[in-house]
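Fold and geometry: a report
Residues per chain are reported as follows:
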Amino acid sequence: MTTPMKESETAWPTYSPASRPDEAVRPGDRVRLVFVDDDDNYREVAGAELVDHGFDVVALADGTAMLDYLSGGGYGDVIVLDWNLPTTPGIDLLPKLQRRGIHLPIVFLTGQSSRAHENLALERGALDFVDKSRGVGILAKRIRLIVDAGKQPQEMQAEEIQQCGRLVLRPRVSRAYWNDVDVNLTLTEFNIVRLLASSVGEYVTYRSVYDCMHHVGFIAGSGEDGYRTNVRSSIKRIRNKFRAIDSGFGEIENFPSFGYRWGRAITPSA
């Protein structure tokens with residue numbers, strides 16, 4: 001349920017806290033989102049769903065309202081920004097925020113899902129870029145990753161980019177790119193790819209991959225080695241996602257009854 005604040009308190013609606021019974025929110029853990037989208041119906045529906053995911057939401061219709069709100073003392077932890085806004089496009093609001101000394105994490109939530117739009121957003125300083133078609137649930141998870149990363153010690157907060165040939169990993173937001181295209185991995189799939197790519201040319205055991213998926217000692221599946229079925233299914237899904245981008249993808253190799261490796265073995269030079 002959403003509840004607008006009184007007009008005397010603010011000119012823009014803000015949604016009251018709520019939480020889903022299956023997603024407990026600890027006191028003091030709530031994150032305030034400044035959510036900017038000019039589609040009234042979408043803004044209301046998505047804002048209410050974000051509240052259900054445990055966020056406080058200040059919903060604004062355009063960039064001018066956002067700048068006025070933040071410059072006037074309004075606060076937020078993360079800005080969720082649409083690309084197509086009236087008067088000033090979302091991408092052009094980034095330098096305006098910087099000039100006003102507003103340095104909040106910015107996530108683009110937009111239907112402009114081309115690689116060019118995403119690259120430009122990240123180059124301008126946005127921390128993430130989420131296609132609206134992926135749903136608010138994915139957006140909520142991405143925001144949580146950013147917030148959790150921000151709680152790390154200062155020396156750990158710098159963006160870490162890992163590259164392995166045509167594979168680029170952004171651990172801070174759990175994103176993997178192949179040929180500069182987002183592979184759209186889940187968090188578990190990302191962790192598997194990161195594990196394999198951290199040891200190029202070396203086989204990683206089924207057990208190690210499974211521990212990466214769950215935790216050390218966790219067992220599921222039928223029989224003592226039933227977990228291998230789970231690993232094979234995850235690897236199949238990962239391969240299919242890479243092959244949707246590159247039909248010739250073959251970086252993940254299998255050693256039957258042992259495990260998987262990323263890339264071919266590196267032979268020492270003579």
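Residues numbered from 1 in each chain as written. Predicted model: local features only at pLDDT ≥ 70, side-chain atom pairs only at ≥ 80, totals over all residues. Heavy atoms only, no water.

1. Observations regarding the overall build of the protein chain
The helix and strand tally for the protein chain stands at 8 helices and 13 strands. Within the protein chain, the fraction of its 270 residues that count as buried is 41%. Taking as baseline every contact in the protein chain between residues at least 6 positions apart, the subset at least 24 positions apart corresponds to 58%. (Helix = DSSP H or I, 4+ residues; strand = E, 2+ residues; numbered from the N terminus. Buried < 20%, exposed > 50% of the residue type's maximum accessible area, 1.4 Å probe, protein only. Contact = heavy atoms within 4.5 Å.)

2. Section: the packing of helix 7 (residues 206-213) against helix 8 (residues 227-245)
One can describe the packing of helix 7 onto helix 8 by two numbers: an axis separation of 9 Å at closest approach and a directional angle of 75°. Taken together, helix 7 and helix 8 sit at an angle that is classed as roughly perpendicular. Between helix 7 and helix 8, the contacting residues are Y206, R207, V209, Y210 and M213 on the first element and Y227, R228, N230, V231, R232 and S234 on the second. Residues of the contact of helix 7 with helix 8, tallied by class, amount to 6 nonpolar, 2 polar and 3 charged. (Axes fitted to C-alpha atoms, helices over the stretch in contact; angles between N-to-C directions. Parallel < 35°, antiparallel > 145°, perpendicular 65-115°, else oblique. Nonpolar A, V, L, I, M, F, W, Y, C, P; charged D, E, K, R; others polar.)

3. Comments concerning the side chain of D128
Of note, D128 is situated in strand 6 (residues 128-131). Side-chain polar atoms of D128 contact the side chain of R175, separated by 2.2 Å. Aside from chain neighbours lying at most four places away, what touches D128 is I106, V107, F108, L122, R142, I146, V173 and R175. (Polar contact = N/O pair within 3.5 Å; in protein donor to acceptor, adjacent residues only side chain to side chain.)

4. Here's the deal with the sheet that holds strand 8 (residues 167-170)
With antiparallel pairing, the 4 strands of this open sheet are ordered in space as 7-8-9-10. Where the open sheet ends on each side, the last strands, each with one partner, are strand 7 (162-164) and strand 10 (181-182). Where strand 9 (residues 175-178) and strand 10 come together, 2 bridges link them in antiparallel fashion. In the sheet register, Y177 faces strand 10, and the bridge partner there is D182. Running over the sheet, helix 6 (residues 187-197) touches strand 7, strand 8 and strand 9 and is turned about 120° from strand 8. (Pairing = 2+ DSSP bridges.)

5. Thoughts on the side chain of D82
Topologically, D82 is positioned in the loop between strand 4 (78-81) and helix 3 (90-99). The exposure class assigned to D82 is buried, which follows from its relative accessible area of 5%. Beyond its immediate sequence surroundings of up to four residues, D82 is in contact with V36, D37, D38, G90, F108, L109, T110 and K132.

6. Comments concerning the pattern of salt bridges
As enumerated under the stated definition, the model contains 13 salt bridges in all. One salt bridge in this structure joins R175 and D182, with 2.2 Å as the shortest N-O distance. Comparing R175 with D182 shows no difference in burial state: the two are buried. A salt bridge links E253 to R261; its shortest N-O distance comes to 2.8 Å. The same class applies to E253 and to R261, which are both buried. Residues joined by salt bridges that share partners form a network here, namely E118, D128, R175 and D182. (Salt bridge = Lys/Arg side-chain N within 4 Å of Asp/Glu carboxyl O.)

7. Points about the confidence of the model for the protein chain
The predicted model of the protein chain averages 79 in pLDDT, with 78% of residues at 70 or higher. Per-residue pLDDT stays below 50 along residues 152-158; that stretch engages in 4 contacts with residues further than four places along the chain or on separate chains. Confidence drops under pLDDT 50 across residues 266-270; counting only partners more than four residues distant or on other chains, this segment forms 1 contact. (pLDDT = per-residue confidence, 0-100.)

8. Here's the deal with the nonpolar core
Grouped together as the largest cluster of nonpolar side chains are 26 residues, with contacts concentrated most on L167, V193, L196, V231, F242, I252 and W262. Of all the elements in the fold, those that place two or more residues in this core are strand 8, strand 9, helix 6, helix 7, helix 8 and strand 13 (259-262). Leaving out residues up to four positions away in the same chain, I252 has contacts with L196, I235, I238, R239, Y260, R261 and W262. If you look at the next biggest cluster of nonpolar residues, it comprises 23 residues, including V36, L60, L81 and I102. (Core = buried A, V, L, I, M, F, W, Y, C linked by side-chain atoms within 4.5 Å.)

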